[in-house]
Amino acid sequence: ERGAAVAALATSDDVVAVLGRALTVDESVRVDAELDKASAFIRAETRRPFDPAEATVSRKVRDNGTVLLADADTVSAVVAIDCDGSESAVSGWVQRGSKVYGLSPRTTVEVTHTRESDIPEALVGLAAQLAATALTSTIKHGVKSTAAGPYSETYAEAADGYLLSVDQASVLRAHSRLSVGSVTFL
């Protein structure tokens, strides 16, 4: 739903736990905005909404009589769509995890399902870490430069303002939906 408010993935209490101290007055004023920014970043990077909803999706049934759904907790209805566009309820199907079994191969179905708000604890922690870092950082955004002895390194900060550690990036990857792309064979 466009324009609807989406809850942050973490709370100010989660940020306090990351910091190990109470928020300052300035941090208290900014914490919700930083949590919203971190949550939007995580949703975009994982390509997952993490909010409760009911959805109906159209799928082509695989040759083995299954369809795969992303983020579907409970399937409530399956409707077959005929070539002429007519619809008929499908019975006898079974849901196991993110798959629906017992469908006629190579047909098109519309599956109505609900998605619960199930936010993995690792992403709650990551949202709190990103918000805490943004609240306490004294670094200005833009081009950064570091030096160690005779060596120096200059890099541009990501547009979203987050420079992730290897551990943080692996948390994002572990909870990301695979992107659909193309493969070219030479």
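In what follows, the structure referred to is the one given above.
Rules behind the numbers
Residues numbered from 1 in each chain as written. Predicted model: local features only at pLDDT ≥ 70, side-chain atom pairs only at ≥ 80, totals over all residues. Heavy atoms only, no water. Core = buried A, V, L, I, M, F, W, Y, C linked by side-chain atoms within 4.5 Å. Buried < 20%, exposed > 50% of the residue type's maximum accessible area, 1.4 Å probe, protein only. Helix = DSSP H or I, 4+ residues; strand = E, 2+ residues; numbered from the N terminus. Contact = heavy atoms within 4.5 Å. Pairing = 2+ DSSP bridges. Axes fitted to C-alpha atoms, helices over the stretch in contact; angles between N-to-C directions. Salt bridge = Lys/Arg side-chain N within 4 Å of Asp/Glu carboxyl O. Parallel < 35°, antiparallel > 145°, perpendicular 65-115°, else oblique. Left-handed = near helix turned anticlockwise from the far one by under 90°. Nonpolar A, V, L, I, M, F, W, Y, C, P; charged D, E, K, R; others polar.

Q: Could you give me a rundown of the nonpolar core, with the residues and numbers involved?
A: Counting residues in hydrophobic clusters, the biggest one holds 21 residues, and the most contacted among them are V15, I42 and L130. Where this core is concerned, the elements lending two or more residues are α2 (25–46) and α3 (121–136). Ranked by the residues each element gives to this core, the list is headed by α3, at nine residues. What L130 contacts, discounting residues up to four positions off in sequence, is A38, F41, I42, Y162, L164 and Q168.

Q: Could you give an account of the sheet that holds strand β4 (residues 87–89), naming the residues involved and the relevant values?
A: Two strands in a sheet stick together by hydrogen bonds in their backbones, pointing the same way (parallel) or opposite ways (antiparallel). Judged by pairing direction, the sheet is antiparallel, and its four strands sit side by side in the order β1-β7-β3-β4 without closing on themselves. The strands lining the two open edges of the sheet, one partner per strand, are β1 (53–60) and β4. The sheet shows a mean angle of 30 degrees between the axes of neighbouring strands, taken without regard to direction. Two elements, strand β3 (residues 74–81) and strand β7 (residues 108–115), share seven bridges in a ladder whose sense is antiparallel.

Q: Describe the pattern of salt bridges, listing the residues and the values that go with them.
A: In this structure the tally under the stated criterion is three salt bridges. Close ionic contact of R21 with E27 constitutes a salt bridge, the shortest N to O distance being 2.8 Å. In this structure R21 comes out as partly exposed when scored by relative accessible area, which is 34%. Across the pair R30 and D26 runs a salt bridge whose closest N-O atoms are separated by 2.9 Å. Remark: D26 and R30 occur in helix α2; sequence separation between them is four residues, near one turn of the helix.

Q: Quick one: what's the story with the packing of helix α1 (residues 12–19) against α2, residue by residue and with numbers?
A: For the pair α1 and α2, interaxial distance at closest approach is 10 Å and the crossing angle is 110 degrees. One way to sum up the angle between α1 and α2 is to call them roughly perpendicular. Residues S12, V15 and L19 of α1 lie in contact with α2, whose contacting residues are E27, V31 and L35.

Q: Before we move on, can you summarise the packing of α3 against helix α4 (residues 166–174) with the specific residues and values?
A: In contact at an axis separation of 10 Å, α3 and α4 are set at 135 degrees when each is read in the N-to-C sense. On the basis of the axis angle, α3 is oblique to α4. Considering the relative orientation of α3 and α4, their crossing is left-handed. Listed contacts from α4 to A122, L123, L126, Q129 and L130 of α3 are Q168, V171 and L172. Within the contact of α3 with α4, the residues separate by chemical class into six nonpolar, two polar and no charged.

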